[in-house]
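Chain residues, written in single-letter form:
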Amino acid sequence: MAKEEKKKTTDDADLAVAFADTLCVLWVVTTFCILFWRGVWNLLDTYVWPDRPVSSCTLGVLLGWSCSVFQLSLAGWLQKTVQDWDGLWPKVFFSRTYTLLASVCQIAGFRGSWLLTNRLVPRHYNVPLFFASLVLLACLRGFRNVPSVPLAVNTDEFAHYFAECRSDPSSQAKRNRSVCVVDVAVSVVVVSSLVVFVWRGIWTALDTVLFPESASRSGWTSLAIGYSVVLLSYGLQFEAAAFSRRRESTLVRIAFEDVFISVASFGAINVWRGIWLLADTYVYPDDYLLSNWLTALVGLFGSVLLFAGNTILARGVTLDGDSKDGSGCLFRTDYLRKIFKKRHAPRWTHEDGCVWDDRKLEVNVNGSRRCGAFRDSEAGKRLRTAVGTGDDLLTVVTERETVV
């Protein structure tokens, strides 16, 4: 009876944390991220060659692409270098400064691609461009790159602050740095441009059909549609993942995940558009500069103080169908849950250096080798039975394939 009551209390606590997590991601983290992007985007319009828009956009595209290639190509080196620094504050200062500069460059790149398309593509080609981008993203298996917050949240953990990029270069690229840079560059240029075209296509269509005569009504309507679709996607993601996992055909599985991600992304784009238009309407609409500086600073400091500054920075390129476990339908929105579990998860330490938490078994052999396995997995069971046997433990760690 005591065990059942304890389990019920734990389940209720987990449900409460999950509910608070959803509200925090939807209303707080998402809002800060969008406010930052809106403020920086409009400030670039104001300060970067406002009388030469084509040159301004071209510079933004080049800056954004170059920054993304640099970010992905040197992520591992930066992670290792900064993590070896002594002291907390140098790491904090450098990492947050990196996020600010990289995100400004990234916003400049998205803005440049968007506005150049507005200038160079006639309006009657918007629909064909949108559908062509969808087809190309499907062919390149790049639909997983369309969603943004509130469908994906990155916390500011030092363990993978720089290295948690979503690129997946080939094994040849991993062996050859020059090939890796080319691989990353092509991925960034092609996939990022297609993502911009998809976002632009949906956004401009909504501008046309949702109360074009009233920015406030259009913004509120878009926000309501967006949150409804996002909440529905939240609720269905595990069922969708289970359905995807049962598909034997890779093509069917990828097609299903692409459709699910597309619907969820439609909701996320509506959320972005709604908050953006409402900021235009209600945040000092008569003072353009003050409005943009205020939203940029509030968005930046709010995200950093919430330990979610990495959310304002898109990281790399994801490949559709890269896993067969249905995780392509799951959204990375565990913000409070990640922080809560990291700080409060129970831990037991073995005298030979093994540490268990609520999900993983971590091993430290002679203070140098550190691995992990899910404690309920076969590898985890084998690893637990080998604890304390010295060479046998090292053999198990070396041979097993599920090191995480």
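Every value quoted in this text rests on a predicted model; they were computed, and no experiment measured them. (Residues numbered from 1 in each chain as written. Predicted model: local features only at pLDDT ≥ 70, side-chain atom pairs only at ≥ 80, totals over all residues. Heavy atoms only, no water.)

### Remarks on the overall build of the protein
Step number 1: Check the secondary structure of the protein and you find 13 helices and 4 strands.
Step number 2: When burial is assessed residue by residue, the protein has 44% of its 404 residues classed as buried.
Step number 3: Within the protein, counting contacts between residues at least 6 apart in sequence, those at least 24 apart form 79% of the total.
Step number 4: Only carbon and sulfur atoms are counted for the fraction: they give 64% of the accessible area of the protein, which is about 21400 Å². (Helix = DSSP H or I, 4+ residues; strand = E, 2+ residues; numbered from the N terminus. Buried < 20%, exposed > 50% of the residue type's maximum accessible area, 1.4 Å probe, protein only. Contact = heavy atoms within 4.5 Å. Areas by Shrake-Rupley, 256 points an atom, 1.4 Å probe, with all protein chains shown as cover.)

### Looking at the confidence of the model for the protein
Step number 1: Chain-level statistics for the protein give a pLDDT mean of 79 and a share of 75% at 70 or above.
Step number 2: Between the elements of the protein, mean pLDDT differs from a low of 35, seen in strand E1 (residues 348-349), to a high of 96, seen in helix H10 (residues 288-305).
Step number 3: Note on residues 164-175: pLDDT under 50 across the span, and 24 contacts to partners over four residues away in sequence or across chains.
Step number 4: Overall, residues 343-404 carries pLDDT values under 50, and its contacts beyond four positions in sequence, including any with other chains, amount to 97 contacts. (pLDDT = per-residue confidence, 0-100.)

### Here's the deal with the side chain of Asn-154
Step number 1: Within the element layout of this structure, Asn-154 appears in the loop between helix H5 (126-139) and helix H6 (171-175).
Step number 2: By relative accessible area, Asn-154 is classed as buried at 9%.
Step number 3: At a separation of 2.7 Å, a polar atom in the side chain of Asn-154 contacts the side chain of Arg-332. (Polar contact = N/O pair within 3.5 Å; in protein donor to acceptor, adjacent residues only side chain to side chain.)

### Overview of the pattern of salt bridges
Step number 1: Enumeration according to the criterion identifies 5 salt bridges in this entry.
Step number 2: Arg-273 is paired through a salt bridge with Asp-207; the nearest N and O atoms lie 2.8 Å apart. In this pair, Arg-273 is assigned in helix H9 (residues 250-282) and Asp-207 in helix H7 (residues 177-209), connecting sequence segments 66 residues apart.
Step number 3: Looking at Arg-273, the relative accessible area reads 1%, which means it is buried. (Salt bridge = Lys/Arg side-chain N within 4 Å of Asp/Glu carboxyl O.)

### As for a nonpolar patch on the surface
Step number 1: Among the surface-exposed residues, Tyr-47, Tyr-288, Leu-289, Trp-293, Leu-297, Phe-301 and Leu-305 lie close enough to one another that they form a single nonpolar patch of about 770 Å² accessible area.
Step number 2: Here the element with the most residues in the nonpolar patch is H10; it accounts for 6 residues.
Step number 3: For Tyr-47, the position within the fold is in helix H1 (residues 2-47). (Patch = residues over 30% accessible without salt bridge, like charges linked within 9 Å, V, L, I, M, F, W, Y side chains within 5 Å.)

### So, the packing of aromatic side chains
Step number 1: For the coordinates displayed, the defined rule picks out 14 aromatic pairs.
Step number 2: Consider the rings of Trp-27 and Tyr-227, whose centres lie 4.5 Å apart with planes at 40°: the pair is tilted. Remark: Tyr-227 occurs in helix H8 (residues 215-245) and Trp-27 occurs in helix H1; sequence separation between them is 200 residues.
Step number 3: Judged by relative accessible area, Tyr-227 falls into the buried class, the value being 7%.
Step number 4: Taken together, the ring pairs in this structure connect Trp-37, Phe-110, Trp-199 and Trp-272 into an aromatic cluster.
Step number 5: Above the face of the Trp-49 ring, Arg-52 is positioned so that its terminal group lies 4.9 Å from the ring centre. (Phe/Tyr/Trp six-rings, centres within 6.5 Å; stacked < 30°, edge-to-face > 60°. Lys NZ or Arg CZ within 6 Å of the ring centre and 35° of its normal.)

### Notes on unusual backbone geometry
Step number 1: Cis geometry is adopted by the peptide bond preceding Pro-150, which originates at Val-149 and carries an omega value of 15°.
Step number 2: Look at Trp-49: it is not a glycine, yet its phi comes out positive at around 45°.
Step number 3: Even without being glycine, Phe-211 reaches a positive phi, approximately 45°.
Step number 4: Secondary-structure assignment places Phe-211 in the loop between H7 and H8.
Step number 5: The class for Phe-211 is partly exposed, based on a relative accessible area of 28%.

### Let's talk about the side chain of Ser-233
Step number 1: Structurally, Ser-233 can be placed in helix H8.
Step number 2: Setting aside its immediate chain neighbours within four residues, Ser-233 contacts Phe-260, Ala-264 and Phe-331.

### Brief notes about the packing of helix H3 (residues 75-83) against helix H4 (residues 88-120)
Step number 1: Two elements in contact, H3 and H4, have axes separated by 10 Å at closest approach and are oriented at 155°. It follows from the interaxial angle that H3 and H4 lie roughly antiparallel. Seen along the crossing, H3 lies across H4 with a hand that is right-handed. Along the contact surface, H3 presents Leu-78, Val-82 and Gln-83, while H4 presents Lys-91, Phe-94 and Tyr-98.
Step number 2: Within the contact of H3 with H4, the residues separate by chemical class into 4 nonpolar, 1 polar and 1 charged. (Axes fitted to C-alpha atoms, helices over the stretch in contact; angles between N-to-C directions. Parallel < 35°, antiparallel > 145°, perpendicular 65-115°, else oblique. Left-handed = near helix turned anticlockwise from the far one by under 90°. Nonpolar A, V, L, I, M, F, W, Y, C, P; charged D, E, K, R; others polar.)

### Overview of helix H2 (residues 53-73)
Because the α-helix completes a turn every 3.6 residues, residues three or four places apart line up on one side.
Step number 1: In this model H2 runs 30 Å from its N-terminal to its C-terminal C-alpha over 21 residues, within 8% of the 30 Å that 1.5 Å per residue would give.
Step number 2: Those residues of H2 that sit buried are Ser-56, Cys-57, Gly-60, Val-61, Gly-64, Cys-67, Ser-68, Val-69, Gln-71, Leu-72 and Ser-73. (Expected span 1.5 Å × (residues − 1).)

### Remarks on the nonpolar core
Step number 1: Ranked by size, the top nonpolar core spans 62 residues in total, and within it Trp-37, Trp-272 and Tyr-335 carry the most contacts.
Step number 2: Elements that contribute at least two residues to this core include exactly H1, H4, H5, H7, H8, H9 and H10.
Step number 3: When residues of this core are assigned to their parent elements, the largest contribution, 13 residues, is made by H1.
Step number 4: Not counting the four nearest positions on each side in its chain, Trp-272 is found in contact with Cys-33, Ile-34, Trp-37, Ser-148, Val-149, Trp-199 and Trp-203. (Core = buried A, V, L, I, M, F, W, Y, C linked by side-chain atoms within 4.5 Å.)

### Let's talk about the environment of Gly-321
Step number 1: Topologically, Gly-321 is positioned in the loop between H10 and helix H11 (336-344).
Step number 2: A C-alpha to C-alpha distance of 7.2 Å links Gly-321 and Arg-253, two positions 68 residues apart in sequence.
Step number 3: Apart from the residues lying within four places of it in its own chain, the contact partners of Gly-321 are Arg-141, Arg-253, Ile-254 and Glu-257.

### Focus on the packing of H8 against H9
Step number 1: Contact geometry for H8 and H9: axes closest at 7 Å, N-to-C directions at 155°. Looking at the two axes, H8 sits roughly antiparallel to H9. For the element pair H8 and H9, the recorded crossing hand is left-handed.

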